Amino acid sequence: MAMLCLLVVPVLMWFTAFDMPWWYAVFICGGLTALCLIGLFGCWYEIDGKNLVVYMFFRPTRLPIDKIKSVKKTTGILSTAAMSTKRVSISFTDRSVLKSFAPLEISPKDRDAFIAHINSINPDIEISC
């Protein structure tokens, strides 16, 4: 689905700009294509020591793994914008970590390996399928 967005949206933008001035195509369509690419490739996750690092638009946010309360496998297309429908919902023990009561939802490439790795760092995490 994300790859379809990457291909179809920029092609449609550039196709509709054929009869526009060249500067319109370069600035408007080029800028919107760049935004599509940043939205698609500008978000990833990694585990760095005892922190889960979430990169959003190339800005890292460090979240302590020892403050994770529960991890739950989730699916669906309506709850959040993500690269995959197979996501992981992460709840924290302390509201100040995310500055929100809502859980963090991410879509790692290998959900089971990601959960196992986080659980090996903090075995107190409640895991639900």
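Before reading on, note that the structure itself is shown above.
Since this is a predicted model, take the numbers as computed values, not measurements.

Caption draft 1: Seen up close, the overall build of the chain. Of the regular secondary structure elements, the chain holds three helices and seven strands. Each helix (α) and strand (β) of the chain, taken in turn from the N terminus, gives the series α-α-β-β-β-β-β-β-α-β. The contacts of the chain with a sequence gap of at least 6 include a subset with a gap of at least 24, amounting to 40%.

Caption draft 2: Molecular detail of the nonpolar core. Core analysis: the biggest nonpolar cluster contains 16 residues, and Leu52, Ile68, Ile90 and Leu104 have the highest contact counts within it. Of all the elements in the fold, those that place two or more residues in this core are β2 (51–56), β4 (68–74), β5 (87–92), β6 (104–106) and α3 (111–121). Aside from chain neighbours lying at most four places away, what touches Ile90 is Leu52, Ile68, Ser70, Val71, Pro103, Leu104, Ile106 and Phe114.

Caption draft 3: Summary view of the packing of aromatic side chains. Using the criterion set out here, one finds one aromatic pair in the structure. Ring centres of Trp44 and Tyr55 lie 4.6 Å apart, and the angle between their planes is 15°; this geometry places the pair in the stacked category. With Trp44 in strand β1 (residues 43–48) and Tyr55 in strand β2, this residue pair connects regions lying eleven residues apart in the sequence.

Caption draft 4: Broad picture of helix α2 (residues 22–41). The terminal C-alpha atoms of α2, which comprises 20 residues, lie 27 Å apart, in line with the 28 Å expected from a rise of 1.5 Å per residue. Restricting attention to buried positions, one finds in α2 the residues Ala25, Cys29, Thr33 and Leu40.

Caption draft 5: Structural view of α3. Buried within α3 we find Arg111, Phe114, Ile115 and Ile118. Seen end-on, α3 carries its buried residues on one side only, within an arc spanning 95°. Taken together, the buried residues of α3 touch β1, β2, β4, β5, β6 and β7 (126–128).

Caption draft 6: Inspection of the sheet that holds β4 at higher detail. With mixed pairing, the four strands of this open sheet are ordered in space as β6-β5-β4-β7. With partners counted over all chains shown, the strands left at the sheet margins are β6 and β7, one partner each. When strand polarity is set aside, the average angle formed by the axes of neighbouring strands in this sheet is 20°. Where β4 meets β5, six bridges bridge the pair, whose relative direction is antiparallel. Within β5, the residue paired with Lys73 across the bridge is Val88.

Conventions and cut-offs
- Residues numbered from 1 in each chain as written.
- Predicted model: local features only at pLDDT ≥ 70, side-chain atom pairs only at ≥ 80, totals over all residues.
- Heavy atoms only, no water.
- Helix = DSSP H or I, 4+ residues; strand = E, 2+ residues; numbered from the N terminus.
- Contact = heavy atoms within 4.5 Å.
- Core = buried A, V, L, I, M, F, W, Y, C linked by side-chain atoms within 4.5 Å.
- Buried < 20%, exposed > 50% of the residue type's maximum accessible area, 1.4 Å probe, protein only.
- Phe/Tyr/Trp six-rings, centres within 6.5 Å; stacked < 30°, edge-to-face > 60°.
- Expected span 1.5 Å × (residues − 1).
- Arc of directions from axis to C-beta.
- Pairing = 2+ DSSP bridges.
- Axes fitted to C-alpha atoms, helices over the stretch in contact; angles between N-to-C directions.

So, to be careful, I would describe these as geometric facts and stop short of saying anything about function.
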